[in-house]
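Chains, contacts and geometry: an overview
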Amino acid sequence: MDLKALIRDIPDFPQPGIIFRDITTLLRNPEGLKYVIDRLATETQKLDTIPDYIIGIESRGFIFAPSLAYSLSAGFVPVRKKGKLPAQVHSIEYDLEYGTDILEIHQDALTTGAKVMIIDDVIATGGTAKATADLLTKIGCDIVACGFIVELEGLQGRNKLPDVPMVTLVKYG
Ligand code: AMP
């Protein structure tokens, strides 16, 4: 399937010079939505280690991670922006282009050695996925894979991630 034909490019959003890869046009297409979830699942099932938990990064990771978890009979665990999770959390601060942000996960969501896969819609600079990986490593999880619908290859985000298999369905230069 030609996923690029279903992903809408919005120039200069949210700021000049950025081409925003808008996946809402893919999501509203029944065949497109089914295709990306099925591909994520089949590519993940080929890996040496199948994850027990799919970690979705707020907010667009939440669109794909639970469906993938369902397909794999795995659990879904959200990583959220600061202040959203109600119980005790582990936190990590990470750098944005301007300033910093904080990601959190429930302290009792995962135990040491849990086999986890990180999911987001897009990997750009890789900063968000790296912060998530650092948070999971701090907990002692075993990160077995990362998955993204879209990879912006020119930004080399994958170099920031742990050396684990990476599933990506569409690449832009
Ligand atoms: P990153 O730079 O990899 O930390 O990307 C941060 C977040 O911004 C990711 O979760 C993506 O969802 C989003 N993002 C970054 N660049 C783009 C883009 N060009 N189009 C769509 N989403 C983007």
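To be clear, the structure that these remarks concern was listed above.
Described below are features of the structure shown in this document. (Residues numbered from 1 in each chain as written. Predicted model: local features only at pLDDT ≥ 70, side-chain atom pairs only at ≥ 80, totals over all residues. Heavy atoms only, no water.)

Things to note about the side chain of Thr44
One can find Thr44 in helix α3 (residues 30-45). When residues no more than four places from it in sequence are discounted, the contact partners of Thr44 are Ile50, Pro51, Leu68, Leu72, Met117 and Val167. (Helix = DSSP H or I, 4+ residues; strand = E, 2+ residues; numbered from the N terminus. Contact = heavy atoms within 4.5 Å.)

Regarding unusual backbone geometry
Each neighbour pair has its own omega, and for Phe13 with Pro14 the value is 0°, a cis peptide bond. Mapped onto the fold, Pro14 is located in the loop between β1 (8-11) and β2 (19-22). Between Glu58 and the following residue, Ser59, the backbone shows a cis peptide bond with an omega angle of 0°. Even without being glycine, Ser73 reaches a positive phi, approximately 55°. Here Ser73 falls in the exposed class, since its relative accessible area comes to 71%. Look at Gln156: it is not a glycine, yet its phi comes out positive at around 55°. For Gln156, the position within the fold is in the loop between β8 (142-152) and β9 (166-172). (Buried < 20%, exposed > 50% of the residue type's maximum accessible area, 1.4 Å probe, protein only.)

Comments concerning the site of the ligand
The full set close to the ligand counts 15 residues, and Asp120, Asp121, Thr125, Gly126 and Thr128 are the nearest of them. The separation between an oxygen atom of the ligand and a polar side-chain atom of Arg60 is 3.1 Å. Between the ligand and Gly127 there is a distance of 3.4 Å, counted from an oxygen atom to a backbone nitrogen or oxygen. Contact with the protein chains removes 80% of the 490 Å² of surface that the ligand exposes when unbound. (Near = heavy atom within 4 Å. Polar contact = N/O pair within 3.5 Å; in protein donor to acceptor, adjacent residues only side chain to side chain. Areas by Shrake-Rupley, 256 points an atom, 1.4 Å probe, with all protein chains shown as cover.)

Side note on the nonpolar core
Grouped together as the largest cluster of nonpolar side chains are 29 residues, with contacts concentrated most on Val36, Ile54, Phe64, Leu68, Ile149 and Leu169. Breaking this core down by element, the ones donating at least two residues are α1 (3-6), α3, α4 (61-72), β7 (115-123), β8 and β9. Every residue in contact with Val36, bar those within four places of it in the chain, is listed here: Leu3, Leu26, Phe64, Ile149 and Leu169. In this structure, Ala129, Ala131, Ala133 and Leu135 belong to the second largest nonpolar core, which totals 25 residues. (Core = buried A, V, L, I, M, F, W, Y, C linked by side-chain atoms within 4.5 Å.)

Looking at the pattern of salt bridges
Counted according to the given criterion, the structure contains 10 salt bridges. In this structure, Glu43 and Lys46 form a salt bridge, with 3.2 Å as the shortest nitrogen-oxygen distance. Taking the relative accessible area as the measure of exposure, Glu43 reaches 22% and is therefore partly exposed. The partner of Glu151 in a salt bridge is Lys171, and the shortest N-O contact between them spans 3.1 Å. On the criterion of sequence distance, the pair formed by Glu151 in strand β8 and Lys171 in strand β9 is long-range, its members being 20 residues apart. Given a relative accessible area of 3%, Glu151 falls into the buried group. With relative accessibility at 34%, the residue Lys171 sits in the partly exposed group. Shared partners join several salt bridges into a network, and the residues in it are Arg39, Glu43 and Lys46. (Salt bridge = Lys/Arg side-chain N within 4 Å of Asp/Glu carboxyl O.)

With respect to the layout of surface pockets
One water molecule sets the probe size; rolling that probe over the atoms shows where empty space is left. Reported here for the largest pocket is a volume of approximately 1200 Å³. Considering the residues around the largest pocket, the lining is formed by 34 residues, among which Arg60, Leu96, Ala124, Thr125 and Thr128 are closest to the centre. Among the elements of the structure, β2, β5 (89-95), β7 and α5 (127-139) are those that each provide at least two residues to the lining of the largest pocket. Its residues assigned to classes, the lining of the largest pocket comprises 15 nonpolar, eight polar and 11 charged. (1 Å grid on protein atoms, 1.4 Å probe; cavity = no way out; pocket = protein on both sides within 12 Å on 5 of 7 lines; lining within 4 Å. Points joined across faces, edges and corners; volume = space filled by probe spheres on them. Nonpolar A, V, L, I, M, F, W, Y, C, P; charged D, E, K, R; others polar.)

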